[in-house]
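# Observations on the three-dimensional arrangement
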Protein chains: 2
Amino acid sequence: MKIHQRNLPRVVIIGGGFGGLEAAKALGKVDVRVTLLDRNNHHLFQPLLYQVATAALSPADIAEPLRHILRKQENAEVILGEAERIDVHRKKVVLTDGELDYDFLIVAAGARHSYFGHEEWEKFAPGLKSLDDALEIRRRMLLAFEIAERTEDDEERRAAMTFVVVGAGPTGVEMAGAIAEIARVTLVKDFRHIDPAQARVVLLDFAPRVLQMLDPELSESARRQLFDIGVEVRPLTLVEKVCAEGVQIKGGEKIAARTIVWAAGNAASPLGESLGVPLDKQGRVIVREDLSIPGHREVFVIGDQAHFAPGGGTPLPGLSPVAMQQGRHAARNIRALLAGGWSDKFEYFDKGTMATIGRNRAVADAGFMRFSGLLAWLAWLFVHIIFLVGFRNKLLVLINWTIAYVTYGRGARLITGRQWGTKGGES
Amino acid sequence: MKIHQRNLPRVVIIGGGFGGLEAAKALGKVDVRVTLLDRNNHHLFQPLLYQVATAALSPADIAEPLRHILRKQENAEVILGEAERIDVHRKKVVLTDGELDYDFLIVAAGARHSYFGHEEWEKFAPGLKSLDDALEIRRRMLLAFEIAERTEDDEERRAAMTFVVVGAGPTGVEMAGAIAEIARVTLVKDFRHIDPAQARVVLLDFAPRVLQMLDPELSESARRQLFDIGVEVRPLTLVEKVCAEGVQIKGGEKIAARTIVWAAGNAASPLGESLGVPLDKQGRVIVREDLSIPGHREVFVIGDQAHFAPGGGTPLPGLSPVAMQQGRHAARNIRALLAGGWSDKFEYFDKGTMATIGRNRAVADAGFMRFSGLLAWLAWLFVHIIFLVGFRNKLLVLINWTIAYVTYGRGARLITGRQWGTKGGES
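First, a word on scope: everything that follows refers to the structure included in this document.

Rules used in this analysis
- Residues numbered from 1 in each chain as written.
- Chains lettered and ligands numbered in written order.
- Predicted model: local features only at pLDDT ≥ 70, side-chain atom pairs only at ≥ 80, totals over all residues.
- Heavy atoms only, no water.
- Helix = DSSP H or I, 4+ residues; strand = E, 2+ residues; numbered from the N terminus.
- Rg over C-alpha atoms; globule rule 2.2 N^0.38 Å.
- Buried < 20%, exposed > 50% of the residue type's maximum accessible area, 1.4 Å probe, protein only.
- Contact = heavy atoms within 4.5 Å.
- Areas by Shrake-Rupley, 256 points an atom, 1.4 Å probe, with all protein chains shown as cover.
- Pairing = 2+ DSSP bridges.
- Axes fitted to C-alpha atoms, helices over the stretch in contact; angles between N-to-C directions.
- Patch = residues over 30% accessible without salt bridge, like charges linked within 9 Å, V, L, I, M, F, W, Y side chains within 5 Å.
- Salt bridge = Lys/Arg side-chain N within 4 Å of Asp/Glu carboxyl O.
- Expected span 1.5 Å × (residues − 1).
- Arc of directions from axis to C-beta.
- Polar contact = N/O pair within 3.5 Å; in protein donor to acceptor, adjacent residues only side chain to side chain.
- Left-handed = near helix turned anticlockwise from the far one by under 90°.
- Nonpolar A, V, L, I, M, F, W, Y, C, P; charged D, E, K, R; others polar.
- Phe/Tyr/Trp six-rings, centres within 6.5 Å; stacked < 30°, edge-to-face > 60°.
- Lys NZ or Arg CZ within 6 Å of the ring centre and 35° of its normal.
- Right-handed = clockwise from strand over helix to strand, strands pointing away.

## What to know about the overall build of chain A
Scanning chain A from N- to C-terminus turns up 11 helices and 25 strands. Computed over its C-alpha atoms, the radius of gyration of chain A comes to 23 Å, within 12% of the 22 Å expected for a compact globule of 427 residues. Seen along its three principal axes, the alpha-carbon backbone of chain A occupies a region of about 70 × 55 × 40 Å. When burial is assessed residue by residue, chain A has 59% of its 427 residues classed as buried. A separation of at least 24 residues holds for 63% of the contacts in chain A among residues at least 6 apart in sequence. Looking at chain A as shown, the accessible area adds up to about 17400 Å², and 53% of this sits on carbon and sulfur atoms.

## Looking at the sheet that holds strand β24 (residues 361-365) of chain B
All names here are of chain B. With antiparallel pairing, the 3 strands of this open sheet are ordered in space as β23-β24-β25. On the outer flanks of this sheet lie β23 (353-358) and β25 (370-372), each paired with one strand and no other. Taken over all neighbouring pairs, the strand axes of this sheet differ in orientation by 5° on average, direction set aside. Looking at chain direction, β23 and β24 are connected through 5 bridges and run antiparallel. Across the sheet, residue Thr356 finds its bridge partner in β24, namely Ala362. Against the sheet, helix α8 (residues 216-228) contacts β23, β24 and β25, and its axis sits at roughly 170° relative to β24.

## Considerations on a nonpolar patch on the surface
Residue and element names in this part refer to chain A. Together, Phe382, Ile386 and Phe387 make up a nonpolar patch on the protein surface, roughly 330 Å² of accessible area in all. As for its position among the elements, Ile386 is in helix α10 (residues 374-387). The exposure class assigned to Ile386 is partly exposed, which follows from its relative accessible area of 44%.

## Some remarks on the sheet that holds strand β21 (residues 296-301) of chain B
In a beta sheet, neighbouring strands pair by backbone hydrogen bonds and run either parallel or antiparallel. All names here are of chain B. One open sheet holds the 6 strands; their spatial order is β5-β2-β1-β9-β21-β20, and the pairing between them is mixed. Here the strands that pair on one side only, and so sit at the sheet edges, are β5 (76-80) and β20 (292-293). Strand direction decides the pairing type here: strand β1 (residues 10-14) and strand β2 (residues 33-38), joined by 5 bridges, are parallel. Looking at the pairing, Val11 lines up with Val34 of β2.

## Here we look at α8(B)
Residues and elements named next belong to chain B. For α8, which comprises 13 residues, the first-to-last C-alpha distance of 18 Å matches the rise-based estimate of 18 Å (1.5 Å per residue) to within 8%. Turning to α8, its buried residues number three or more, namely Leu218, Ser219, Ser221, Ala222, Gln225 and Leu226. What you see down the axis of α8 is that its buried residues fit within an arc of 160°, all on one side. Turned more than 90 degrees away from the buried face of α8 sit Glu217, Phe227 and Asp228, all of them exposed. Buried residues belonging to α8 abut α7 (170-186), β12 (200-204), β13 (231-234), β23, β24 and β25. Backbone nitrogen of Glu217 and a side-chain oxygen of the N-cap are separated by 2.9 Å at the start of α8; the cap is Asp215.

## Points about the packing of helix α2 (residues 18-26) of chain B against helix α9 (residues 320-338) of chain B
All names here are of chain B. Two elements in contact, α2 and α9, have axes whose closest approach is 7 Å; the angle formed by their N-to-C orientations is 35°. Viewed along their axes, α2 and α9 form a crossing whose handedness is right-handed. For the pair α2 and α9, the contacting residues are Phe18, Gly19, Glu22, Ala23 and Ala26 in the first and Ser320, Ala323, Met324, Gly327, Arg328, Ala331 and Arg335 in the second. Partitioned by chemical class, the residues of the contact of α2 with α9 number 6 nonpolar, 3 polar and 3 charged.

## Remarks on unusual backbone geometry
Residue and element names in this part refer to chain A. If you check the backbone angles, Lys91 has positive phi at about 50° while not being a glycine. Mapped onto the elements of the fold, Lys91 is located in the loop between β6 (83-87) and β7 (92-95). With relative accessibility at 34%, the residue Lys91 sits in the partly exposed group.

## Overview of the packing of aromatic side chains
Aromatic rings considered in pairs are described by the distance between their centres and by the relative angle of their planes. Residue and element names in this part refer to chain A. For the coordinates displayed, the defined rule picks out 18 aromatic pairs over all chains. An aromatic cluster is built from Tyr115, Phe116, Trp121 and Trp262, whose rings are joined through pairwise contacts. Over the aromatic face of Trp342 sits the side chain of Arg297, whose NZ or CZ is 5.9 Å from the ring centroid.

## Observations concerning the side chain of B:Asp280
All names here are of chain B. As for its position among the elements, Asp280 is in the loop between β18 (266-268) and β19 (285-286). A relative accessible area of 15% places Asp280 in the buried class. A polar contact of 3.0 Å, which involves the side chain of Asp280, links it to the backbone nitrogen of Gln282. Polar contacts involving the side chain of Asp280 include one to the main-chain amide nitrogen of Arg284, which spans 2.8 Å. Excluding residues within four positions of it along the chain, Asp280 makes contact with Ile286 and His307.

## Structural notes on the pattern of salt bridges
In this structure the tally under the stated criterion is 46 salt bridges over all chains. Between A:Glu149 and B:Arg67 there is a salt bridge; the shortest N-O distance is 3.9 Å. Taken together, the positions of A:Glu149 in helix α5 (residues 131-150) and B:Arg67 in helix α4 (residues 66-69) put the pair across two chains. Relative accessible area serves as the criterion here: at 5%, A:Glu149 is assigned to the buried category. With its nearest N and O atoms 3.1 Å apart, the salt bridge here joins B:Asp133 to B:Arg112. Here B:Asp133 is found in helix α5 (residues 131-150), whereas its partner B:Arg112 is found in strand β10 (residues 111-113), with 21 residues between them in sequence. On the accessibility criterion, B:Asp133 (13% relative accessible area) is buried. Classification of B:Arg112 as partly exposed rests on a relative accessible area of 23%. The structure contains a network of salt bridges with shared partners spanning A:Asp87, A:Arg90, A:Lys92, A:Glu99 and A:Asp101.

## Here's the deal with the pairing of strand β9 (residues 104-107) of chain A
Residues and elements named next belong to chain A. Along β9, one buried face is formed by Phe104 and Ile106 and the opposite face, lined by Leu105 and Val107, is buried too. Bridge analysis of strand β1 (residues 10-14) against β9 gives 4 bridges, and the strand direction is parallel. Bridge pairing in β9 places Val12 opposite Leu105. Pairing of β9 with strand β21 (residues 296-301), which is carried by 3 bridges, proceeds in the parallel orientation. Considered in β21, the bridge of Ile106 is made with Phe300.

## Looking at α7(B)
The end-to-end C-alpha distance of α7(B) is 22 Å, a good match for the 24 Å that 17 residues give at a rise of 1.5 Å each. Summarising burial for α7(B): 13 of the 17 residues are buried, a large majority.

## A look at the pairing of β2(B)
Residues and elements named next belong to chain B. When you tally the buried positions in β2, you get 5 out of 6 residues, the bulk of the element. Handedness of the crossover joining β1 and β2 through α2: right-handed. Of the strand pairs in this sheet, β2 and β5 are connected by 5 bridges, and their pairing is parallel. Within β5, the position partnered with Asp38 by the bridge is Leu80.

## Considering the side chain of A:Glu181
All names here are of chain A. The topology assignment puts Glu181 in helix α7 (residues 170-186). A relative accessible area of 16% means that Glu181 is categorised as buried. In this view, Glu181 contacts Thr186, Gly358, Arg359 and Arg410; residues no more than four positions away in its chain are not counted.

## Some thoughts on the environment of A:Leu49
All names here are of chain A. With respect to the helices and strands, Leu49 occurs in helix α3 (residues 49-53). With relative accessibility at 1%, the residue Leu49 sits in the buried group. Leaving out residues up to four positions away in the same chain, Leu49 has contacts with Leu44, Ile62, Leu128, Lys129, Ser130, Leu131 and Ala134.

## Describing the environment of A:Gln46
All names here are of chain A. Position of Gln46 among the secondary structure elements: in the loop between β3 (42-44) and α3. Here the alpha-carbon distance between Gln46 and Gly17, two residues 29 residues apart in the chain, equals 8.7 Å. Beyond its immediate chain neighbours, meaning those up to four positions away, Gln46 contacts Phe18 and Lys129.

Rendered as structure tokens:
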């Protein structure tokens, strides 16, 4: 256990997402002790989280225990715990139950969804960041069809069969597409009193078009593909209120809906506040060119929690390639500082963006070329399988997808977590 | 939708376990309307539930939505709901939110674990009947190792690394064997401060031997195989108290343990009480020879909820083959009654019993011959794959098992359901 035997400089990494994990790995051959802290025991492959929420994959298919990923890296340890604040003066991370000293710190604690000051909306419209979020959305979506099947009230049935997705970024588009597909294809024979294909799926956004970060041409293609599978896309639409009965549109009607998914807005982890440096409006830490924070060249902030604006322009988006490149870069800078050198400035290499809409449907922007439809969908499948962690996960996801493609089915349609009633014992 | 078009006799089945589902299928070609009621949306392959609890399989691998299983059976509908009581005089099943009329009723609501009057032990020692139970046990087991890794208190570490399984029937034996294997094989490289192989796994039972329903020779073989993988088997041991700190043995020491699994004792669903007929000590309905209840030849009770003692001897055990055969038999009797005939008495065809202990280790009693070790283990694998519902599930379980066998790993080592701390945002 190398980690105990030598008195090496200690690097603490907060967060085992794409950025933090990549940083830990990049420090594998460096003479430091690496401590990776996370409040979950697993790394989550977030780009496929919507597939758990829509019953296509199981949680274990897209998650891998952090300590298992790093089991062969002798200079690394993994701690399950929660950071409460960072004390940059005493060089300590204060946990809910202890403290960690550091010589170098990489903060990669990510973001949660933001309700723009209306946190009370969360219980009616959960967001999608963790496995527990995904299972809750899956539960609500499947339960809605069960309620529609059982009720004799027309209004209740209509609300149960209406699904509203707020936010038309990649997650919102993928969720809306997947729900439409479930209703129109997967469930079509399962019910006796309703026709699931009558389900209404509404995708709202304040922006003038879906997937706004993409080229307008691709946005338009995505909108058309969403229309083809029956998603009602409503751009330039502002949500005024969310409640148990549905969504109130500003200056418009009220959409009665039992299931609402929140895919709009991000707020960085509140951990950044304790660093005592400027934050942007989303709570992201405004980092210097080398990803460190003002006054502390031993503290780096990366990924969704960092505001890094190349050339003073728009900040880099919260995407896994950004976080991974920043993780490797922070590790490289720590190595340089340890060798008595200087840290280097970060440069992002943009490999493109993509989003999937449904069976054979997607859009992709690879920088040098844009494409949509089947080709984009195949590219999406390929990229996501390649980057998924672990041989077992790749194989299981590939098999699940193959079976789903051939059978038009979804294998994980379980309602768990809460019982239907409250009494124990029966059925 | 045939179910609506004709005014056929209505058969209500309470519970979509092995018995209820088999009864529903057996009524597929009969001119009746079948309503299958369950408070979960899925059929659960309970013999493999311990593999979900021990992180080898995902919930979706061993569960299938009931309405999906019955989607092609036009005379059947599935209702998600909870039965509160049965009114045999008005021929109604009263739900928490409604009522169902029946002409024939099959009660197959199963059993929960029983704490012999000490229901307050449940929160310290959860049992294993549902997917939620299995995920809770998985969470506790994995969290125990995390706590052992982090604590600096020797006593706390020892308690965290002690696992007590109460009850040495098939479920208890399988749980104890699987926990020992995880500690000694799967986790061996994952930790830096503890050696998981030092974990202590204790299997307690009041009975004089493990797997008491099997031949003494097989019991002895199972005990030896458990010993080989490091399980401490303690027969003739009575639990006096269970609390957060551990288990107090009657007339013996206190075992400090953080993780306790309850695999002793069953209590039938309380739904049986509302039938107004005699029950046995476990709350099972004492059924007549044709599986109906006294005074109501249109009401059948089957599976774990029924007390059926052939020739006045010991009642049949709570095993899936018993439930399935009874389900088919109840369906056959309904058909006979509808045809103006008489219902027939039930006869159980015993195909044998088996239990697995770990990698290459098991015991099996096929009636005409008994075997243990590798051969029994292969038989166990084969039988469980064959009987698992659905092509997709079979394939995924087979692949999970193959990967686990080759890599000595367990793929679903996720701690979900509750966060480590209480605050939102970080990592």
